Amino acid sequence: MQNLYKPDLMTVTKVRQHTPDVKSVSLSFQDAARAGAFHFRVGQFGIFSAFGSGESTFNICSSSNWSDRIEFCFRKVGRVTEDLWSMEEGDTIGFRGPYGNGYPVEQWRGKDLIFLGGGIAMPPIRCAIWYALENRGDYGDITIVYGARSVRDLVFVDELEEWAKHPRVRVIQCVDPGGETPEWTGEIGFVPTVFERANVPAQNAVALVIGPPIMIKNTIPVLERTGVRMSSVYTSLENRMKCGVGKCGRCNAGPVYVCKEGPVFTFEELRALPMDY
Amino acid sequence: MSAALSQEALRALADGWIKSGRKVIGPVEAQPGRIVFKPLGSGAALYLGAWAPTVNSIKEAVLPRHEKLYSYRIHKDGIQLMDEPEAAGETIVIAAHPCQAAALPVLDKVFNWDLADEFYNRRRAALSVVTLACSSYDDHCFCTSVGLGPASEKGSDAMLYETGGEFVARTFTAKGRALFGDAAEEAPPQHDGPPVRFRAARAREFARKEFDSPFWREHSLACLGCGVCAYVCPACHCFDIVDERRGDEGFRARNWDACQFPMFTLHASGHNPRQRQGDRQRQRIYHKFGVYPEKFGEILCTGCGACARNCPAGLGVLPMVTEIPDAEPLQA
């Protein structure tokens, strides 16, 4: 019997701690045949599990070009993530996926890319940034504005610095007022205002905006002023999920099953949906 | 089988099925006036009295309230996953009302769009449904408002019609013929169903257009959020997936869940898209009359009335939907 709910077993190959409560984990398939056959689109998600605690849904935050591993990133907030937090190299994690639609990276070819992220929203943006850098000829200028409440809440900081060294890549880091340290050299302010100050040309851009609802709400008017069309602005919804395969009825946002028809939507699509996310 | 079956003959038939090793589920009078679907120990337990609604639904035959998905053993050097043994074999539901059977073809859709749920499918394939046409109805019944009726054949493999204390069987599928033979009777005269109580199309339109209406909050004030409406519903199918572990062994299972619980949609961040009970009641109506028909072409409600009959606060689909402005049936 084909068991939709039975996970692949994956071995933890690396653990990185980003903040006092955020870690990312690299995984490789224990089954060699599965490892060879596996592929996904950046922007898709997986259901990751700790045996004995349960399953949780996370974006696959690694690039789809990395064939030796997948990565996910999480904040320690509940029973499953407490258990995942204790995982070390060599431990086993369950994985189901890839699920969802992913980013339409083919449609983004020839465009400038604007990535706007807040807090723990960096991982689902990171996979797209790496993908774009690895297919550099397909994309134009890349702008990354990433903010968090405080300096210690920023994740993937080393990679932000690495991306900034690439030609035609502009990285702006910011923290909320009061969240800076004496050594802080980035901007102080919220993502929408920092982005507006940066005066990024957006006529030929697509934007990926992921973050807390308040950040998204305040970013949209700024993007509209730049002239970018709402059909070119993408986000990834975070509705709670259990099955990931359109059965359990949990992730509906109005008429859509976020796990199947999402999690990636344009803001034009979102405007047609009721506020159910 | 052309001859009518007496009650005794019907019970004897059920006994034969049970003796042949099949699981037979039917209505049982658990307490006076309280009829529940249960596996029958013998045909004698089958409730064949005056028309009465059942408390629970037959969906348990295809979607058990608790179902192991797989087990695991935790070793020092890794995890071993173990499939669950095949589910119980052939199952027969007998004497369910047509509103119970009608939910099964509706559920088939969600469990098979894109990816197939084999846990559901193998139970469904092993299930035969023998319905009993309704001879009456109560104030909660509204099958006729959702396109069904007291003798709707949808989802039934065979149907029994009670006439003068005896039962005439008609068969609609190979599964039904395997139970009752080939000779299909003409449909006996049917009883009236409940009057049409609302327009389902209006419920759909209202839920879609009036998503943010205060209507939902105002009509949900009494809701306790207990979820009984979902548990007794033949069509509600939302589930949770949980782990249970003891020592080095454990299993992952799915349990029934309900959209009336605040936790149902609570994000890890603390954000909840459905903060208020009214949002959750709206979801229940919108999913049944809007989302599901749009996606799968079927209303996710068969008009059985179990939600309202069992609600401690007098809510449910019928009390809610009939309050929708202009929901009343159009007069001829």
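Calculation notes
Residues numbered from 1 in each chain as written. Chains lettered and ligands numbered in written order. Predicted model: local features only at pLDDT ≥ 70, side-chain atom pairs only at ≥ 80, totals over all residues. Helix = DSSP H or I, 4+ residues; strand = E, 2+ residues; numbered from the N terminus. Rg over C-alpha atoms; globule rule 2.2 N^0.38 Å. Buried ≥ 20, exposed ≤ 12 C-beta atoms within 10 Å, placed from the backbone. Contact = placed C-beta atoms within 7 Å. Pairing = 2+ DSSP bridges. Axes fitted to C-alpha atoms, helices over the stretch in contact; angles between N-to-C directions. Domains from an automatic or database assignment. Nonpolar A, V, L, I, M, F, W, Y, C, P; charged D, E, K, R; others polar. pLDDT = per-residue confidence, 0-100. Core = buried A, V, L, I, M, F, W, Y, C linked by C-beta atoms within 7 Å. Parallel < 35°, antiparallel > 145°, perpendicular 65-115°, else oblique. Left-handed = near helix turned anticlockwise from the far one by under 90°.

Asks: Explain the overall build of chain A here, please?
Replies: Within chain A, the regular secondary structure consists of eight helices and 15 strands. What you see for chain A is a C-alpha radius of gyration of 18 Å, in line with the 19 Å of a compact globule of 277 residues. The 277 residues of chain A split such that 51% are buried. The contacts of chain A with a sequence gap of at least 6 include a subset with a gap of at least 24, amounting to 69%.

Asks: Looking at this structure, how should I read the overall build of chain B?
Replies: Along the backbone of chain B there are 11 helices and 10 strands. Relative to its length of 332 residues, chain B is compact, with a C-alpha radius of gyration of 21 Å against a globular reference of 20 Å. The principal-axis extent of the C-alpha atoms belonging to chain B is close to 65 × 65 × 40 Å. Within chain B, contacts between residues separated by at least 24 positions form 69% of all contacts whose residues are at least 6 apart in sequence.

Asks: In this structure, what is going on with unusual backbone geometry? I would like to understand it.
Replies: What is expected of a backbone is that most residues other than glycine have negative phi and most peptide bonds are trans. Look at the link from Gly97(A) to Pro98(A): it is a cis peptide, with omega at 0°. Residue Pro263(A) is bonded to the preceding Gly262(A) through a cis peptide linkage, with omega at 10°. Mapped onto the elements of the fold, Pro263(A) is located in the loop between helix 7 (258-261) and strand 15 (264-266). For Asn199(A), which is not glycine, the phi dihedral falls at a positive 50°. Mapped onto the fold, Asn199(A) is located in the loop between helix 5 (191-197) and strand 11 (205-210). In this structure, Asp114(B) is a non-glycine residue whose phi angle is positive, near 60°. Overall, the presence of 9 C-beta atoms within 10 Å leaves Asp114(B) in the exposed class.

Asks: In this structure, what is going on with the sheet that holds strand 6 (residues 92-99) of chain A? I would like to understand it.
Replies: Strands belonging to one sheet form pairs held by backbone hydrogen bonds; the direction of such a pair is parallel or antiparallel. Residue and element names in this part refer to chain A. As summarised here, the arrangement of the six strands in space is 4-3-6-1-2-5, forming an open sheet in which the pairing is antiparallel. Strands with a single pairing partner mark the edges of an open sheet, and in this sheet they are strand 4 (54-59) and strand 5 (70-75). In this sheet, neighbouring strand axes are inclined to one another by 40° on average, regardless of whether the strands run parallel or antiparallel. As paired elements, strand 3 (residues 45-50) and strand 6 share four bridges and run antiparallel to each other. From the neighbouring strand, Ile47 faces strand 6, where its bridge partner is Arg96.

Asks: What is the right way to look at the domain arrangement of chain A in this model?
Replies: Buried accessible area, meaning the area lost when the parts come together, often serves as the stated size of an interface. Residue and element names in this part refer to chain A. For chain A, the assigned domains read domain 1 (8-99) and domain 2 (112-236). Here domain 1 and domain 2 have C-alpha centroids that lie 24 Å from each other. Domain 1 puts 16 residues into the contact, and the matching count from domain 2 is 14 residues. Every element with two or more residues in the side of domain 1 that touches domain 2 is listed here: strand 1 (8-19), strand 2 (22-29) and strand 5. Of the residues in the side of domain 1 that touches domain 2, the class split is six nonpolar, nine polar and one charged.

Asks: Which parts of the structure should I look at to understand the environment of Gly176(B)?
Replies: All names here are of chain B. By the element assignment, Gly176 lies in helix 5 (residues 174-180). Assessed through the 22 C-beta atoms surrounding it within 10 Å, Gly176 is described here as buried. In sequence terms Gly176 and Cys141 are 35 residues apart; their C-alpha atoms lie 26 Å from each other. Filtering out sequence-adjacent residues up to four positions away, Gly176 remains in contact with Ser128, Asp157, Ala158 and Thr171.

Asks: Please clarify how the interface of chain A and chain B should be interpreted in this entry.
Replies: Between chain A and chain B, the residue contacts involve 33 residues of the former and 38 residues of the latter. Classifying every residue of the side of chain A that touches chain B by side-chain character gives 13 nonpolar, 11 polar and nine charged.

Asks: Just to check I follow, could you spell out the pairing of strand 3 of chain A for this structure?
Replies: As a general feature of sheets, a regular strand has side chains that alternate between the two faces. Residue and element names in this part refer to chain A. Most of strand 3 sits out of view: six of its six residues are buried. Side chains of strand 3 alternate between two faces, with Phe45, Ile47 and Ser49 and Gly46, Phe48 and Ala50 buried alike. Relative to strand 4, strand 3 runs antiparallel, the two sharing six bridges. Its bridge partner lying in strand 4, Ala50 is registered against Gly54.

Asks: Hey, could you run me through the environment of His191(B) in this one?
Replies: In this fold, His191(B) is placed in the loop between helix 5 and helix 6 (200-209). With residues near it in sequence (within four places) discarded, His191(B) still touches Cys134(B), Ser135(B), Ser136(B) and Pro150(B).

Asks: Just checking my understanding: could you explain the confidence of the model for chain B for this structure?
Replies: Predicted coordinates in regions of low pLDDT should not be interpreted in detail. A residue-level look at chain B finds 97% of positions with pLDDT of 70 or above and a mean pLDDT of 94. Per the prediction output, this complex has pTM 0.94; the corresponding ipTM is 0.93.

Asks: Please explain the nonpolar core as it appears in this structure.
Replies: Inside soluble globular proteins, nonpolar side chains tend to come together where they are buried. All names here are of chain A. Ala128 and Ala207 are the most contacted members of the largest nonpolar core, which has 175 residues in total. For this core, the leading source of residues is helix 3 (residues 122-134), giving seven residues. Two domains each donate at least three residues to this core, and these are domain 1 (8-99) and domain 2 (112-236). Not counting the four nearest positions on each side in its chain, Ala207 is found in contact with Ile114, Leu116, Leu223, Val228, Ser232, Val233 and Tyr234.

Asks: Help me understand the sheet that holds strand 9 (residues 169-175) of chain A in this model?
Replies: All names here are of chain A. The seven strands lie next to each other as 10-9-8-7-11-12-15, forming an open sheet whose pairing is mixed. Both outer strands of the open sheet, strand 10 (187-188) and strand 15, are each paired with one neighbouring strand and no more. Looking at chain direction, strand 7 (residues 112-118) and strand 8 (residues 142-148) are connected through six bridges and run parallel. Residue pairing for strand 8: Leu113 is matched across the bridge by Ile142. Running over the sheet, helix 3 touches strand 7, strand 8, strand 11 and strand 12 (233-236) and is turned about 160° from strand 7. Contacts between helix 4 (residues 157-164) and the sheet are confined to strand 8 and strand 9, with strand 9 contributing the most and set at about 145° to the helix.

Asks: Help me understand the packing of helix 6 of chain B against helix 9 (residues 277-296) of chain B, please; the structure alone is not making it clear to me.
Replies: Packed helices, taken two at a time, are described by their axes: the angle between them and the distance between them. All names here are of chain B. Helix 9 packs onto helix 6 with a crossing angle of 110° between their chain directions and a minimal axis gap of 9 Å. By the angle between their directions, the pair helix 6 and helix 9 is classed as roughly perpendicular. Both helix 6 and helix 9 take part in a crossing whose hand is left-handed. On the side of helix 6, the interface is formed by Ala200, Ala203, Arg204, Ala207 and Arg208, while helix 9 contributes Arg282, Ile285, Tyr286, Phe289, Gly290 and Pro293.

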